[in-house]
Each structure stands twice: as C-alpha cells, then as structure tokens.
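Residues per chain, in single letters:
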Amino acid sequence: MFAAERRQLILEMVRANGAVSLRELARVVQTSEVTVRRDVRALEAEGLLDRRHGGAVLPGGFTRESGFPQKSHLATAEKTAIADLAAGLVGEGEAIVVGAGTTTQELARRLARVPGLTVVTNSLLVAQALAHANRVEVVMTGGTLRGSNYALVGSGAEQSLQGLRVSKAFLSGSGLTAERGLSTSNMLSASVDRALVQAAAEVVVLADHTKLGTDTMFQTVPTELITRLVTDEPPGHDDRAGTELQALADQGVQIAVAGASGGAAGQGSPGGDAGPARQQRRDVPLPGPRRQVPGTAPGLRPAASLGDQGTGPEQRARVADLRRR
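Residues numbered from 1 in each chain as written. Predicted model: local features only at pLDDT ≥ 70, side-chain atom pairs only at ≥ 80, totals over all residues. Heavy atoms only, no water.

Draft legend 1. Quick peek at unusual backbone geometry. Its identity as a non-glycine residue notwithstanding, Gln 30 has a phi of 60°, on the positive side. What makes Gln 30 exposed here is its relative accessible area of 72%. Even without being glycine, Tyr 150 reaches a positive phi, approximately 55°. In this fold, Tyr 150 is placed in the loop between strand S7 (144–146) and strand S8 (151–153). On the basis of relative accessibility, which here comes to 36%, the residue Tyr 150 falls in the partly exposed class. (Buried < 20%, exposed > 50% of the residue type's maximum accessible area, 1.4 Å probe, protein only. Helix = DSSP H or I, 4+ residues; strand = E, 2+ residues; numbered from the N terminus.)

And the structure:
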C-alpha cells in the first residue's frame, strides 16, 4: 500500500470512529505502529487529525464525511433536474469521462439513451446505471474500491487514465467556490478527479445549490479549468449561492440553471427520469471570451455553448436577476 493510500485509510477510520488507537490503525493498514505513528504525525501537520496518547482523533474543525446512503437522500429533486439538463450536453458518438457521485449517477441513467456513446468512469454506480445500455460502451478504470462512494481510487485508477483523451468530463464534489473551484473531503477521490480532468477537453461540474459557497479540504478542479456549471435554481433567500454564481460567471464559467414547472423538478416518471416537457432552463452565458483549457487536443471540437444568446451587459443583468430570485 502506498503512503498516500495508507494515510487516506487512516483518515477514513478516524472520521468513521472519531478516535482510533495506533494499534488498531496498524492492524487495519497492515504495517507497524512505528510507520502508523509517522503517518499520523504527517496528517496532523496537515491539520487533518489530532494526535493523542496512543492514537488519533478527529480535529474539531472537520466533520465526518457522509456516506452514499446519506448523500443519496439529499437534494434528490435538484439532482434529477441537473442530470436532465446535463444529459443534453452529450451527443451521439461522443467519448466522455464521468466521475463518482450521486448526481453523476443520475446523469448516467439518462446517458443510457445516447447511441454510440463511450463512457469512461471510476464509479461502480455509473457503470451499473449503464450496464444494460446496448448502444453505450462502458470503460472502467482500475484501482482500489472505496466503499463509502463505490468508486475506484488510488494509483491504479490514475495510471489507467494516462494517455486518455475525451471531449468532456462530468464531475461533482462536496463544495464549489469561485475562489477555489470544486473540492472534496477525500484525498484519493480528489486525485482521481484531477486525472479525469486532464483527460478532457471540457470540464462540466454538476453541483446543486447547497454546494455553492462551500469549501472542503482537497481541491479537485480550479475555477479556471471549469468550462460549465450545471446547477439548480437557489431559493430566493440563499444569498450565498447567488453571490457564488455571480463570481463564477465573472471568471468565465458558463452557467446553466435547471428548474421545473410547479417546483416539481425531476419528479414524475419511475426511476426519477423527468420528461423534457416538465423542464425549464435558464442559461447564464459567458461574460467574456473563455480561455482554453490547457492541453486541449486540437482535433476535438468543443460542444456548442449553453449560452449563445449574446454577450455583454445583458448577461450580467440575467445573473443579477437570478440572484434576486
């Protein structure tokens, strides 16, 4: 086990239990207490945990990471609406990468209808959603299974992505800010997401309004590399989300806001698949020319912008209107 993987496992044990002895840590990661003590000291230096006599405890400033069962019941209607809108960005015959997460799982369910699609993913849930799609080819990374979100992580996952080139990457995370970009609370997940970004010409972030303005430990995608954000419409009283949308637009991120008639976003058909007639969309176009993502392959043609309705003051007015709503 690499040092990074060993330390991530130590972190996950501390977050799950609150406090763990060095002896128990050494048993689980199958190494000596001397090595574990060195790992704990390094993690404490990064502010990720606190050392105690004979063990390690959760630092007061960080909360435990929610597992898949908890995340799957949060903002379900919003995630459905976001997935419906994001699926429209994928065309027939494209090759894309899709990261792990409950929102990307919803997206995968809709991608099953896109003929000739190739999806590269490190998520078992994404692969499962596409398993019976006859016209979609699914390519999975290698790596070590992380049970809390059913994703493959570690050096094996990252190495399998080297040399890969696709048109788009669809990612979600734990938080999104204009200052720092997309972030997550898991070190190994963040590392794989960064490898997914390097493989794509465009980066599409899927994040519901509860994640806007939230910053977590590990940065995955800096703001300057985010091509598009697909989100839902924040409540009128959520000033933080509106402020972040304005700041993201000012930095050149294309923003698409998904909604639904009557406030029933994505609730209708079985399996959470809402029909197009129920969906509304408000696009916040680019406030200026978008800088090219470093390493973009010249042979790939970027997808059409969600916001082709013009540039200039009208765009800022639309963002301002969104903030007031």
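Once the structure has been displayed, the description carries forward.
Draft legend 2. Examining the side chain of Glu 94 more closely. Of note, Glu 94 is situated in the loop between helix H5 (76–87) and strand S4 (95–98). Its relative accessible area of 15% is what places Glu 94 among the buried residues. Within the structure, the side chain of Glu 94 is placed 2.6 Å from the side chain of Ser 167, a separation counted as a polar contact. Apart from the residues within four sequence positions on either side, Glu 94 is in contact with Leu 89, Gly 116, Leu 117, Thr 118, Ser 167 and Lys 168. (Polar contact = N/O pair within 3.5 Å; in protein donor to acceptor, adjacent residues only side chain to side chain. Contact = heavy atoms within 4.5 Å.)

Draft legend 3. Broad picture of a nonpolar patch on the surface. A cluster of nonpolar side chains, namely Leu 124, Met 140, Leu 145 and Tyr 150, defines an oily patch on the protein surface of about 330 Å² accessible area. In this fold, Met 140 is placed in strand S6 (residues 136–140). (Patch = residues over 30% accessible without salt bridge, like charges linked within 9 Å, V, L, I, M, F, W, Y side chains within 5 Å. Areas by Shrake-Rupley, 256 points an atom, 1.4 Å probe, with all protein chains shown as cover. Salt bridge = Lys/Arg side-chain N within 4 Å of Asp/Glu carboxyl O.)

Draft legend 4. Here's a closer look at the environment of Gly 242. Tracing the sequence through the fold places Gly 242 in helix H10 (residues 239–250). On the basis of relative accessibility, which here comes to 2%, the residue Gly 242 falls in the buried class. On a C-alpha basis, the gap between Gly 242 and Leu 212 in space is 8.4 Å, while along the polypeptide they are 30 residues apart.

Draft legend 5. Spotlight on the sheet that holds strand S10 (residues 175–177). On the basis of which strands lie adjacent, the open sheet formed by three strands has the order S10-S11-S13 and antiparallel pairing. With one partner strand each, in any of the chains shown, S10 and strand S13 (218–221) form the two edges of the open sheet. For this sheet, the mean inter-axis angle between neighbouring strands, taken without regard to orientation, is 35°. Alignment of strand S11 (residues 181–184) against S13, held across three bridges, turns out to be antiparallel. If you follow Leu 182 over to S13, its bridge partner there is Val 221. Sitting on the sheet, helix H9 (residues 187–198) is in contact with S11 and S13, with an inclination near 20° to S13. (Pairing = 2+ DSSP bridges. Axes fitted to C-alpha atoms, helices over the stretch in contact; angles between N-to-C directions.)

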